[in-house]
Amino acid sequence: MQFNSFAEFLNMGGYAFYVWLSYGVSAALIVYLLFASVRRNKTVLEQIAIRQKREQRLRQAAELNMQEQGINEPQINDEMIEAAVKQSTQISK
Amino acid sequence: MFKWLHPYANPEVSYNFCGKLQPWLFRLSALFLTIGLVWALLYAPADYQQGDSFRIFYIHVPAAILAMGIYFAMAIAALSSLVWQLKLADASAAAMAPIGAVFTAIALITGAAWGKPMWGTWWIWDARLTSELILLFLYLGVIALHNAFEDKNLAGKAAGILSLVGVINLPIIHYSVEWWNTLHQGATVSKLGAPSMSAVMYWPFLMCLLGFSFLIAALVCLRFRTEVLARNSMRPWVRTLAANALELEQPMSCNSHGKHSQNQGAK
């Protein structure tokens, strides 16, 4: 142990400000990066799930429309649904 | 010879592999960083010239080394993406850029906080500091390019070309202290040859370097998995994953949704 007391440890031989500034800023940046990375992972998963829900609802609405108009042949294909979903939602960043 | 690598070109296999590695990398980094930082702050001796301000070294140097290391890794990923059109290489390059930027910023800020008491100035436009600042700008440029295009393949190409051009900066950073007169001291630790410092300082440094390396590897795993998800959002395995994740988070709203659509159906 290089220091005799806690106060001496905090003082860092007179370089307290510079040493603790370095360690503090580094810790803060790393913690921020950690949280930002975890949050972005969650956001991306959520956005994919939300888009999927919207896609289901659009599909349901389209089927309902067809029933009302008395069309039995499926005139709506996956690509049209995908295009509609893409228009209404976009995964940001 | 490298045939065992082939399955990892599949995004799902790579995603799961990184998911398995990730917790162990975080644990290892916590272990080595705890050992390294406690050793560096409490048990390593003060420098005979610089006193206790030398303890900044244990963050500053690993951060600076690893910032360059990440850049090199990112450039290799960019090259393999440009040459062999590996989409996963793009995803890993996009995952590494923000991590590299943060560690470059740490190297710059701790360097400034070390420079003030030792040199009498926070900043000086000499070769080492300026080239390190350019490294930060290169990282920021790569991040910006990755986010600038809706089409991720196009974005990966543009960012990849910038990363490859920026590799020229790495030898400039490394040799800047030899090529130009500078306030910055020469390399204390080099990978080749014996370190020019005593073992009581070298070992805590090595622990910190290992700890930060594992931390970076863990962060790369996490961000890489996010990138893979975002780039494969229409794949069935991603959709299942996303649906499960949302259900786990808010089971109530899912139920009410179901009812809502049933009502619509009845109407």
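Now for a description of the structure that goes with this document. (Residues numbered from 1 in each chain as written. Chains lettered and ligands numbered in written order. Predicted model: local features only at pLDDT ≥ 70, side-chain atom pairs only at ≥ 80, totals over all residues. Heavy atoms only, no water.)

Some thoughts on the packing of helix H2 (residues 57–84) of chain B against helix H5 (residues 152–166) of chain B
Residue and element names in this part refer to chain B. Short version of the rule: Where helices are involved, their axes are fitted lines through C-alpha atoms of the stretch in contact, as for all axes, and angles between N-to-C directions lie from 0 to 180°. Strands here mean DSSP runs of E at least two residues long; helices mean DSSP runs of H or I at least four residues long; both are numbered from the N terminus. Should an angle fall under 35 degrees it is taken as roughly parallel, and over 145 as roughly antiparallel, whereas 65 to 115 is taken as roughly perpendicular and any remaining angle as oblique. Definitions for this section: a left-handed crossing has its near helix turned counterclockwise from the far helix by less than a right angle. A right-handed crossing has that turn clockwise. We call two residues contacting when some pair of their heavy atoms lies within 4.5 Å. Just so you know the grouping, Ala, Val, Leu, Ile, Met, Phe, Trp, Tyr, Cys and Pro go in nonpolar, Asp, Glu, Lys and Arg go in charged, and all remaining residues, Gly too, go in polar.
Packing of H2 against H5 leaves a shortest axis separation of 9 Å and a crossing angle of 130°. When the axis of H2 is compared with that of H5, the two are oblique. With respect to the hand of their crossing, H2 and H5 are arranged in left-handed fashion. For the pair H2 and H5, the contacting residues are Tyr71, Met74, Ala75, Ala78, Leu79 and Leu82 in the first and Lys157, Gly160, Ile161, Leu162, Ser163, Leu164 and Gly166 in the second. Taken together, the residues of the contact of H2 with H5 sort by class into nine nonpolar, three polar and one charged.

Some details on a nonpolar patch on the surface
For clarity, the threshold we go by: Surface patches are drawn from residues lacking salt bridges whose relative accessible area is over 30%; two like charges belong together within 9 Å, two nonpolar side chains (Val, Leu, Ile, Met, Phe, Trp, Tyr) within 5 Å. Surface accessibility in these figures is a Shrake-Rupley result with a 1.4 Å probe; residues are shielded only by whichever protein chains are displayed. Here, a salt bridge means any Lys or Arg side-chain nitrogen found within 4 Å of an Asp or Glu carboxyl oxygen. Whether a residue is buried, partly exposed or exposed follows from its accessible area with a 1.4 Å probe, protein chains only, as a fraction of its type maximum: under 20%, in between, or over 50%, in that order.
A cluster of nonpolar side chains, contributed by Met1 of chain A together with Leu28, Leu31, Ile35, Val38, Trp39, Tyr43 and Trp203 of chain B, occupies part of the molecular surface with about 750 Å² of accessible area. In terms of residue count, the dominant contributor to the nonpolar patch is helix H1 (residues 11–43) of chain B (six residues). Exposure remark for tryptophan 203 of chain B: the relative accessible area of 44% places this residue in the partly exposed category.

Comments concerning H1 of chain B
Residues and elements named next belong to chain B. Rules: Here a helix's expected span is defined as the number of its residues, less one, multiplied by 1.5 Å. Across the chain, bend at a residue is computed as the angle between axes fitted to the seven residues ending at that point and the seven starting from it. A 3.5 Å cut-off defines polar contacts: any pair of N or O atoms within that distance qualifies, except that in protein one atom must be a possible hydrogen donor and the other a possible acceptor, and neighbouring residues in sequence count only when both atoms are side-chain atoms.
Under the 1.5 Å per step criterion, the end-to-end length of H1 is 45 Å for 33 residues, consistent within 8% with the ideal 48 Å. At leucine 21, H1 is bent by approximately 30°, the largest bend along its length, and proline proline 23 sits one to four residues beyond. Two to three positions downstream of the cap, the backbone nitrogen of glutamate 12 sits 2.9 Å from a side-chain oxygen, assigning the N-cap of H1 to asparagine 10.

Structural notes on the environment of leucine 31 of chain B
Of note, leucine 31 of chain B is situated in helix H1. Taking the C-alpha atoms as reference, leucine 31 of chain B lies 9.8 Å from leucine 210 of chain B; in sequence the two are 179 residues apart.

As for the pattern of salt bridges
Scanning all chains against the criterion turns up five salt bridges over all chains. Residues glutamate 55 of chain A and arginine 239 of chain B are paired through a salt bridge, measuring 2.9 Å at the closest nitrogen-oxygen approach. A residue pair is termed interchain when its members come from two chains, as with glutamate 55 of chain A in helix H2 (residues 16–68) and arginine 239 of chain B in helix H8 (residues 236–249). Since its relative accessible area comes to 7%, glutamate 55 of chain A is described here as buried. Note that arginine 231 of chain B is salt-bridged to glutamate 227 of chain B, the shortest N-O span being 3.2 Å. Within this pair, arginine 231 of chain B and its partner glutamate 227 of chain B are both found in helix H7 (residues 199–231), separated by four residues, close to a single helical turn. When its relative accessible area of 24% is taken as the criterion, arginine 231 of chain B is described as partly exposed. Put simply, Arg40 of chain A together with Glu227 and Arg231 of chain B are held in one network by salt bridges that share partners.

A look at the interface of chain B and chain A
As a reminder, the rule being used: Defined in terms of a 1.4 Å probe, buried area is the accessible area two parts forfeit on being brought together, summed over both.
On the side of chain A, 41 residues touch chain B, which itself brings 57 residues to the contact. Each partner contributes to the roughly 4,300 Å² buried at the junction of chain B and chain A, and carbon and sulfur atoms together form 70% of this total. Arginine 40 of chain A is the partner of glutamate 227 of chain B in a salt bridge, and the nearest nitrogen-oxygen pair spans 3.2 Å. One can count seven residue pairs in polar contact (both at pLDDT 80 or more) joining chain B with chain A. Secondary-structure elements contributing two or more residues to the side of chain B that touches chain A are H1, H2, helix H3 (87–119), H7, H8 and helix H9 (251–266) of chain B. Residue composition of the side of chain B that touches chain A, by class: 37 nonpolar, eleven polar and nine charged.

Here we look at the packing of aromatic side chains
Selection criterion: Each Phe, Tyr or Trp ring, with Trp reduced to its six-membered ring, pairs with another whose centre is within 6.5 Å; inter-plane angles below 30 degrees give stacked pairs, above 60 give edge-to-face pairs, and intermediate values give tilted ones. Put simply, a charge is over a ring when the Lys NZ or the Arg CZ is close to the ring centre, within 6 Å, and near the line of the ring normal, within 35 degrees.
Throughout the structure, instances matching the rule amount to 21 aromatic pairs over all chains. Ring centres 5.4 Å apart and planes at 75° place the aromatic pair phenylalanine 9 of chain A and tryptophan 20 of chain A in the edge-to-face group. One end of the pair, phenylalanine 9 of chain A, is in helix H1 (residues 6–11); the other, tryptophan 20 of chain A, is in helix H2, with eleven residues separating them in the sequence. A residue is classified by how much of its surface remains accessible, and phenylalanine 9 of chain A, at 13% relative accessible area, is buried. Joined through ring pairs, the aromatic side chains of Phe54, Phe57, Tyr58, Trp114, Tyr202 and Phe205 of chain B make up one cluster. A cation sits over an aromatic face here: arginine 27 of chain B above tryptophan 24 of chain B, 4.6 Å from the ring centre. The lysine or arginine in question, arginine 225 of chain B, covers the ring of tyrosine 15 of chain B, its NZ or CZ lying 4.5 Å from the ring centre.

What to know about the state of the cysteines
Residues and elements named next belong to chain B. So the rule is basically this: The rule for a disulfide is simple: a pair of cysteine sulfur atoms within 2.5 Å.
Applying the stated criterion across every chain, the model contains zero disulfides over all chains. Free of any disulfide, cysteine 18 has its nearest cysteine sulfur in cysteine 221, 4.0 Å distant. Residue classification places cysteine 18 among the buried positions, given a relative accessible area of 12%.

Details of the side chain of arginine 239 of chain B
By relative accessible area, which is 17% here, arginine 239 of chain B ends up buried. A polar contact of 2.9 Å, which involves the side chain of arginine 239 of chain B, links it to the side chain of glutamate 55 of chain A. Excluding residues within four positions of it along the chain, arginine 239 of chain B makes contact with Gln52 and Glu55 of chain A together with Ser233 and Met234 of chain B.

This is a description of form; function is not addressed.
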